[in-house]
Amino acid sequence: MPELPSYMEEIYDWAYVNPRLVALLDRQIVVQTILWGNANKLVKAAVEEFKPGDHMLQTANVYGYLPKTLAERVGPTGSYELRDVTPIQVKRCRKKLAGMDHASVIHANAIEPYGRTFDGVCCFFLLHEVPDDYKYRIVNNVLEAVRPGGKAVFVDYHQWNRFHPMGPIMWAVFRFLEPFAASLCASEIQNYSELSSKFTWTKKTFFGGLYQKVVATRVAE
Ligand SMILES: C[S@@+](CC[C@H](N)C(=O)[O-])C[C@H]1O[C@@H](n2cnc3c(N)ncnc32)[C@H](O)[C@@H]1O
């Protein structure tokens with residue numbers, strides 16, 4: 001059993017560990033609100049990168065309908081594996097995906113190597129929540145787990161445009177609730193791995209630059 005990382009207890013207990021709050025927060029409307037109405041668009045942007053028959057991994061749970069939608073997208077000719085480090089999240093995901101035989105949920109820390117390769121890996125709003133040393137280990141693991149010709153899809157925060165109207169609010173959110181997010185915005189995701197040169201990278205930003213989708217496609221060998 002993986003240990004719960006200290007940041008989960010010290011910073012994110014209210015969001016992902018406390019059972020009462022978790023039950024309240026695990027709804028698409030909550031994600032939609034936190035992402036200023038952009039969650040559905042960002043989910044769609046992630047899901048459209050995968051196709052029926054893909055064998056895919058999601059690095060951590062996401063509230064709302066993303067896990068089920070991704071599992072439906074790859075379908076029973078493919079497979080969908082979700083990992084999460086928090087026991088209550090694992091339990092809830094197993095319920096969400098009940099009856100989908102091609103979907104599985106594993107209790108694991110994303111900093112541990114995945115041990116196999118996939119057609120696609122989805123890392124949705126995980127990197128901004130983890131300390132920098134975790135960012136490096138997770139991006140490395142994700143890239144290592146992509147087979148040649150396959151892709152990794154990262155959706156997360158991004159450095160917003162200079163005069164973005166939400167800028168001051170986001171500054172306060174990062175300052176008081178998301179202490180590891182600013183460093184993600186100050187860098188490029190490809191800078192977090194030595195394997196980056198084996199991939200071609202594309203980036204698309206959303207909502208005045210506040211969000212990014214980065215797709216890393218592994219060059220076929
Ligand atoms: C993907 S992030 C945030 C996603 C988004 N904010 C949402 O609406 O759910 C949240 C999940 O990441 C998980 N998590 C955090 N650190 C992790 C790690 N090192 N390995 C695996 N899962 C992790 C938490 O348990 C939680 O379920």
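Cut-off values and rules
- Residues numbered from 1 in each chain as written.
- Predicted model: local features only at pLDDT ≥ 70, side-chain atom pairs only at ≥ 80, totals over all residues.
- Heavy atoms only, no water.
- Helix = DSSP H or I, 4+ residues; strand = E, 2+ residues; numbered from the N terminus.
- Contact = heavy atoms within 4.5 Å.
- Areas by Shrake-Rupley, 256 points an atom, 1.4 Å probe, with all protein chains shown as cover.
- Lys, Arg positive; Asp, Glu negative; His and termini not counted.
- Charge placed at Lys NZ, Arg CZ, Asp CG, Glu CD.
- Buried < 20%, exposed > 50% of the residue type's maximum accessible area, 1.4 Å probe, protein only.
- Polar contact = N/O pair within 3.5 Å; in protein donor to acceptor, adjacent residues only side chain to side chain.
- Near = heavy atom within 4 Å.
- Nonpolar A, V, L, I, M, F, W, Y, C, P; charged D, E, K, R; others polar.
- Core = buried A, V, L, I, M, F, W, Y, C linked by side-chain atoms within 4.5 Å.
- Patch = residues over 30% accessible without salt bridge, like charges linked within 9 Å, V, L, I, M, F, W, Y side chains within 5 Å.
- Salt bridge = Lys/Arg side-chain N within 4 Å of Asp/Glu carboxyl O.

A. Main features of the overall build of the chain. The helix and strand inventory of the chain stands at 10 helices and seven strands. For the chain, the spread of C-alpha atoms along the three principal axes comes to 45 × 40 × 30 Å. Residue pairs at least 24 apart in sequence account for 69% of intrachain contacts in the chain once pairs closer than 6 positions are excluded. In the form shown here, the chain has an accessible surface area of approximately 10,500 Å², with 57% of it arising from carbon and sulfur atoms. On the chain, the mean spot of the 25 positive side-chain charges and the mean spot of the 23 negative ones are 6 Å from each other.

B. The arrangement of the side chain of Asn61 in detail. Positionally, Asn61 belongs in the loop between β1 (55–58) and α6 (66–74). Asn61 sits in the buried class, given a relative accessible area of 11%. Only 2.8 Å separates the side chain of Asn61 from the side chain of Gln89, close enough to count as a polar contact. If we ignore the near neighbours within four places in the chain, the residues touching Asn61 are Pro67, Leu82, Arg83, Asp84, Gln89, Cys93 and Lys96.

C. Structural view of the site of the ligand. The immediate surroundings of the ligand are formed by 21 residues, with Tyr7, Tyr63, Asp84, Thr86 and Ala110 found nearest. Tyr63 places a polar main-chain atom, nitrogen or oxygen, 2.9 Å from an oxygen atom of the ligand. Coverage of the ligand by the protein chains reaches 96% of its 590 Å² of free accessible surface. Tallied by class, the residues present in the shell around the ligand amount to 14 nonpolar, five polar and two charged.

D. The nonpolar core, seen in detail. In this structure, Tyr80, Phe124, Ile138, Leu143, Phe154 and Tyr157 are the most contacted members of the largest nonpolar core, which totals 79 residues. The residues contacting Ile138, other than those within four sequence positions of it, are Ala110, Ile111, Tyr114, Cys123, Leu126, Leu127 and Val130.

E. Looking closely at the side chain of His158. Here His158 lies in the loop between β5 (146–157) and α9 (167–176). A relative accessible area of 13% means that His158 is categorised as buried. A distance of 2.8 Å separates a polar atom in the side chain of His158 from the backbone oxygen of Gly209. His158 has contacts with Cys185, Lys203, Thr205, Gly209, Leu210, Tyr211 and Gln212, leaving out every residue within four places of it along the chain.

F. Just a nonpolar patch on the surface, in detail. Taken together, the side chains of Trp14, Leu21, Leu24, Trp171, Phe176 and Leu177 define a hydrophobic patch exposed on the protein surface, amounting to about 660 Å² of accessible area. Elements with a contribution of two residues or more to the nonpolar patch: α3 (19–25) and α9. Structurally, Trp171 is set in helix α9.

G. Quick peek at the pattern of salt bridges. The full count for this structure, using the stated rule, is 12 salt bridges. Close ionic contact of Asp119 with Arg147 constitutes a salt bridge, the shortest N to O distance being 2.5 Å. Of the two residues, Asp119 sits in strand β4 (residues 118–124) while Arg147 sits in strand β5, which places them 28 residues apart along the sequence. Taking relative accessible area as the criterion, Asp119 reaches 16% and is therefore assigned buried. One salt bridge in this structure joins Asp132 and Lys135, with 3.1 Å as the shortest N-O distance. Note that Asp132 and Lys135 are positioned in helix α8 (residues 132–144) at a spacing of three residues, about one turn of the helix. Residue class for Asp132 comes out partly exposed when judged on its relative accessible area of 34%. Classification of Lys135 by relative accessible area gives buried; the value is 0%. The structure contains a network of salt bridges with shared partners spanning Glu48, Glu49, Lys151 and Lys213.

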